[in-house]
Amino acid sequence: MYRRLCALLLSLTLLWTAGAGAAQAGPGKRVHNGMQILFSPSASYPFCTIGAVGTDKYGHRIAVSAGHCLSDPAYADREIHDDVAPVYDRADPGFGPIGHVRYFKDPEGSRTGHITKDYMIIELVPHVTLSSQGPYLKQTGVLEVPGGTASPNAPLPALDTERLLATGVNELVVSGQTGVWFGTVMANTGGIYRSPAANLAGDSGGPAVWHVPGSELPSEANGFQAAGPWAGITKAITFSFPPFEYTSSANILADLRARDAATPGGVHGAGFEVTTEP
């Protein structure tokens with residue numbers, strides 16, 4: 001049902017090698033899925049991870065992560081127009097902010113955040129370069145599921161990007177601190193996927209892509225690389241089986257569209273599209 005695709009030491013070596021390569025200071029720093037992020041440059045813990053990078057319908061350059069990475073009732077669940085919540089590359093905090101938080105869903109008393117809306121929107125600064133290629137995963141767009149069940153967050157009619165994967169026949173490929181894993185979507189509760197594809201604390205917000213049937217799975221032969229449309233972000237480790245949860249991209253995109261329609265002037269992240277930049 002799932003396979004660990006590389007030894008822990010090899011995985012960490014590959015991850016940190018890629019992170020070091022992406023962390024060169026100066027204009028053009030590459031921001032990508034799988035990048036670990038901080039919310040204070042003076043503390044390397046706790047940290048979270050970027051799940052996808054791209055642009056929204058308003059032309060903002062956007063990164064997506066997990067909402068439960070922050071908790072502040074004064075700013076939660078609303079547009080943040082001021083640069084009060086900077087975000088840093090964990091591998092290179094000296095670069096300065098790579099972006100600023102524009103929205104996050106407050107954890108609401110739970111370390112795993114709101115059940116269907118656990119996401120964060122970051123507006124990236126102008127002097128970074130967007131990339132669809134993470135240490136292991138290349139994102140080829142946003143997942144569309146024509147005919148799938150609509151996300152509970154979706155305004156009607158739901159778009160194909162706001163529809164959910166069926167269980168038992170679809171696989172997620174994810175990456176994090178222990179490398180890259182893949183596993184079947186075994187449960188779907190309100191657009192929260194449960195899979196044996198593994199994650200750790202700190203991987204919150206990190207990338208999950210859909211395994212396109214017939215496409216190559218990550219292996220030692222291909223350098224543990226995989227490509228597919230963005231399908232969601234890492235959410236939590238639970239006591240259920242399988243224990244690993246992922247917030248679907250459908251839930252995030254649907255909630256963004258709903259909030260955009262209800263907010264004068266719109267919201268950051270609405271109409272999000274994964275970058276096509278390599």
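Our structure is the block above this text.
### Describing the side chain of Lys-105
- In this fold, Lys-105 is placed in the loop between β8 (99-104) and β9 (120-124).
- According to the relative accessible area criterion, Lys-105 is buried, its value standing at 7%.
- There is a polar contact of 2.9 Å between the side chain of Lys-105 and the side chain of Asp-77.
- When residues no more than four places from it in sequence are discounted, the contact partners of Lys-105 are Gly-67, His-68, Asp-77, His-114, Lys-117 and Tyr-119.

### A word on the packing of aromatic side chains
- Counted by the stated rule, this structure contains three aromatic pairs.
- Where Tyr-103 meets Tyr-119, the ring centres are 5.2 Å apart and the plane angle is 35°; that geometry is what we call tilted. One end of the pair, Tyr-103, is in strand β8; the other, Tyr-119, is in the loop between β8 and β9, and 16 residues separate them in sequence. With respect to class, Tyr-103 is no different from Tyr-119; both count as buried.
- A cation over an aromatic ring shows up here: Lys-29 above the ring of Phe-95, its NZ or CZ 4.7 Å from the ring centre.
- Here the basic side chain of Arg-90 rests over the ring of Tyr-45, its NZ or CZ set 4.7 Å away from the ring centre.

### A word on the pairing of strand β5 (residues 52-55)
- Direction of pairing for β5 relative to strand β6 (residues 61-65): antiparallel, over a ladder of four bridges. Looking at the pairing, Val-53 lines up with Ala-63 of β6.
- The hairpin formed by β5 and β6 contains five residues between the paired strands, and Gly-59 there has a positive phi angle of roughly 90°.
- Of the strand pairs in this sheet, β5 and strand β19 (residues 273-274) are connected by two bridges, and their pairing is antiparallel.

Conventions we followed
- Residues numbered from 1 in each chain as written.
- Predicted model: local features only at pLDDT ≥ 70, side-chain atom pairs only at ≥ 80, totals over all residues.
- Heavy atoms only, no water.
- Helix = DSSP H or I, 4+ residues; strand = E, 2+ residues; numbered from the N terminus.
- Buried < 20%, exposed > 50% of the residue type's maximum accessible area, 1.4 Å probe, protein only.
- Polar contact = N/O pair within 3.5 Å; in protein donor to acceptor, adjacent residues only side chain to side chain.
- Contact = heavy atoms within 4.5 Å.
- Phe/Tyr/Trp six-rings, centres within 6.5 Å; stacked < 30°, edge-to-face > 60°.
- Lys NZ or Arg CZ within 6 Å of the ring centre and 35° of its normal.
- Pairing = 2+ DSSP bridges.

Such coordinate-based values are descriptive only and should not be taken to indicate function.
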